[in-house]
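For reference, the chains in residue letters:
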Amino acid sequence: DFAPEMEELGVPECLCDHLRCHPRLLPSVLAVERRANSKAVQYKLLHSLGDFVSRLEPPSRVQCYFGLLVTLSETTWLDPSYVMTALRRLVFCPSSSLSWQVGMKVLITCRRVLLNHQQAVIYKPMVRLLHHLASYQPCIDLRDRAALYLRLLTHAGSTPLASL
């Protein structure tokens, strides 16, 4: 099993450093994760990548990593707090206003989280994020979709929405 040696070799840190400098390498890094034969290796890689994207500075750079956020949000066995933290930092970043394209990517990522994670785990951060978008987003498309997701979250029950 490569998982213990991976830490010693600094593979996750190296991949994160490369991504920090070269976001265009994201598809290659995600391909490495997908092709890993071991769940332990996948877990270590995704954990490190999640930590990386949730702490990215400045927060406006998170928009370069939506592919990673979607992958993290679709991984049911991984803590969704990495995704929620990255989205919160992007949406509440004072120096950036969300364009329609970025706002739609935020909402697509929210949808993936809603479909794949238990409501009890995501409820508070997701309600805060969706309420903010539904109330303060200038674009009506984004406000309406955020309001719809907010209603689904608050009225659908405690299981992931994919089970409905």
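Residues numbered from 1 in each chain as written. Predicted model: local features only at pLDDT ≥ 70, side-chain atom pairs only at ≥ 80, totals over all residues. Heavy atoms only, no water.

Peer 1: Residues and numbers for the overall build of the protein chain, please.
Peer 2: Counting secondary structure elements, the protein chain contains nine helices and zero strands. Starting at the N terminus, the α and β elements of the protein chain follow one another as α-α-α-α-α-α-α-α-α. By the compact-globule yardstick of 15 Å for 164 residues, the protein chain fits well, its C-alpha radius of gyration being 16 Å. Reported as C-alpha extents along the three principal axes, the dimensions of the protein chain are approximately 50 × 35 × 20 Å. (Helix = DSSP H or I, 4+ residues; strand = E, 2+ residues; numbered from the N terminus. Rg over C-alpha atoms; globule rule 2.2 N^0.38 Å.)

Peer 1: Tell me about the nonpolar core, and name the residues and values.
Peer 2: With 50 residues, the main nonpolar core has Leu 68, Val 106 and Leu 130 as its most contacted residues. When contributions to this core are tallied by element, the ones reaching two or more residues are helix H2 (11-21), helix H3 (26-35), helix H4 (39-54), helix H5 (66-73), helix H6 (81-91), helix H7 (100-116), helix H8 (119-136) and helix H9 (140-155). No other element matches H7, which puts eight residues into this core. In contact with Leu 68, other than residues within four places in its own chain, are Leu 26, Leu 30, Leu 49, Phe 52 and Val 53. (Core = buried A, V, L, I, M, F, W, Y, C linked by side-chain atoms within 4.5 Å. Buried < 20%, exposed > 50% of the residue type's maximum accessible area, 1.4 Å probe, protein only. Contact = heavy atoms within 4.5 Å.)

Peer 1: With reference to specific residues and values, describe the side chain of Gln 42.
Peer 2: Following the sequence through the fold, Gln 42 ends up in helix H4. Judged by its relative accessible area of 11%, Gln 42 falls in the buried class. Residues contacting Gln 42, with those up to four places away along its chain left out, are Glu 33, Arg 34, Ala 36 and Trp 77.

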